[in-house]
Amino acid sequence: MSEKKKNLSQFNSVPPADDMRFGIVVAEWNGEVTEALLKGAVKTLRKAGCAEHNILIKYVPGTFELPLGAQFFAQYTDVDAVIVLGCVIQGETRHFEYICSGATQGIVQLQISWNMPIAFGVLTTDTMDQALARAGGEHGNKGDEAAVTAINMVKLQNEMEQSAENINREFTRNVN
Ligand code: DLZ
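Conventions used here
Residues numbered from 1 in each chain as written. Predicted model: local features only at pLDDT ≥ 70, side-chain atom pairs only at ≥ 80, totals over all residues. Heavy atoms only, no water. Helix = DSSP H or I, 4+ residues; strand = E, 2+ residues; numbered from the N terminus. Expected span 1.5 Å × (residues − 1). Buried < 20%, exposed > 50% of the residue type's maximum accessible area, 1.4 Å probe, protein only. Arc of directions from axis to C-beta. Salt bridge = Lys/Arg side-chain N within 4 Å of Asp/Glu carboxyl O.

Caption draft 1: Molecular detail of helix α1 (residues 31-47). In a regular helix each residue adds 1.5 Å, so 17 residues correspond to 24 Å; α1 covers 24 Å between its end C-alpha atoms and thus fits that length. Taken together, the buried positions of α1 are occupied by Val-33, Thr-34, Leu-37, Leu-38, Gly-40, Ala-41, Thr-44 and Leu-45. All buried residues of α1 project into a common sector of 165 degrees when viewed along the axis, lining one side. Of the residues in α1, the exposed ones pointing more than 90 degrees away from the buried face are Glu-32, Lys-39 and Lys-47. Downstream of α1 by one or two residues, Gly-49 has phi in the positive range, about 100 degrees.

Structural data, given as structure tokens:
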């Protein structure tokens, strides 16, 4: 549980993202919230140096469709990472659980099978007020957090790829 009034979106430093490309998938359900998440994510990417033309935004009907939207990015574009943004608010039925678990499991599987960072910017709250407090309100903006996560994961992937290449090059040199 977050502390009362705690802003969860404060970061010490964010790596430069000027050579990175991002896809953002936004759920249309609870649009007031998801548009605020989008605003936060784009602002954070731009602040880290990502050019506007390197941020591609697509909409899907609801949070349940986020994994497939992310897969379209992985399959049809050359983005380095995807950020999915959604907001599921607890209602009277069990829809909430099915949508949340479908979306989370879908995104986890997708990251692993595509070897691509997919940042999970989905709010799962009891009320609209709780969601708004986390979409640019007193608890920060989950969209900002997802953008920072995506940048950090792309940086990590680039570093790992680079060091693997160096290790392999060194290995080949020693063998020859
Ligand atoms: C159906 C539904 C419901 C009840 N609630 C939400 C919600 O709070 N947040 C959200 O993003 N989407 C909701 N949806 C729509 C589903 O995500 C999905 O779009 C539909 O079930 C169609 O597949």
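Now, onward.
Caption draft 2: Spotlight on the pattern of salt bridges. On inspection of all chains with the given rule, the structure shows 5 salt bridges. When the shortest N-O distance is used, the salt bridge between Asp-144 and Lys-43 registers 3.7 Å. Of the two residues, Asp-144 sits in helix α5 (residues 142-175) while Lys-43 sits in helix α1, which places them 101 residues apart along the sequence. Across the pair Lys-155 and Glu-159 runs a salt bridge, and its minimum N-O distance is 3.1 Å. Separated by 4 residues within a single helix, Lys-155 and Glu-159 lie in helix α5, roughly one turn from each other.

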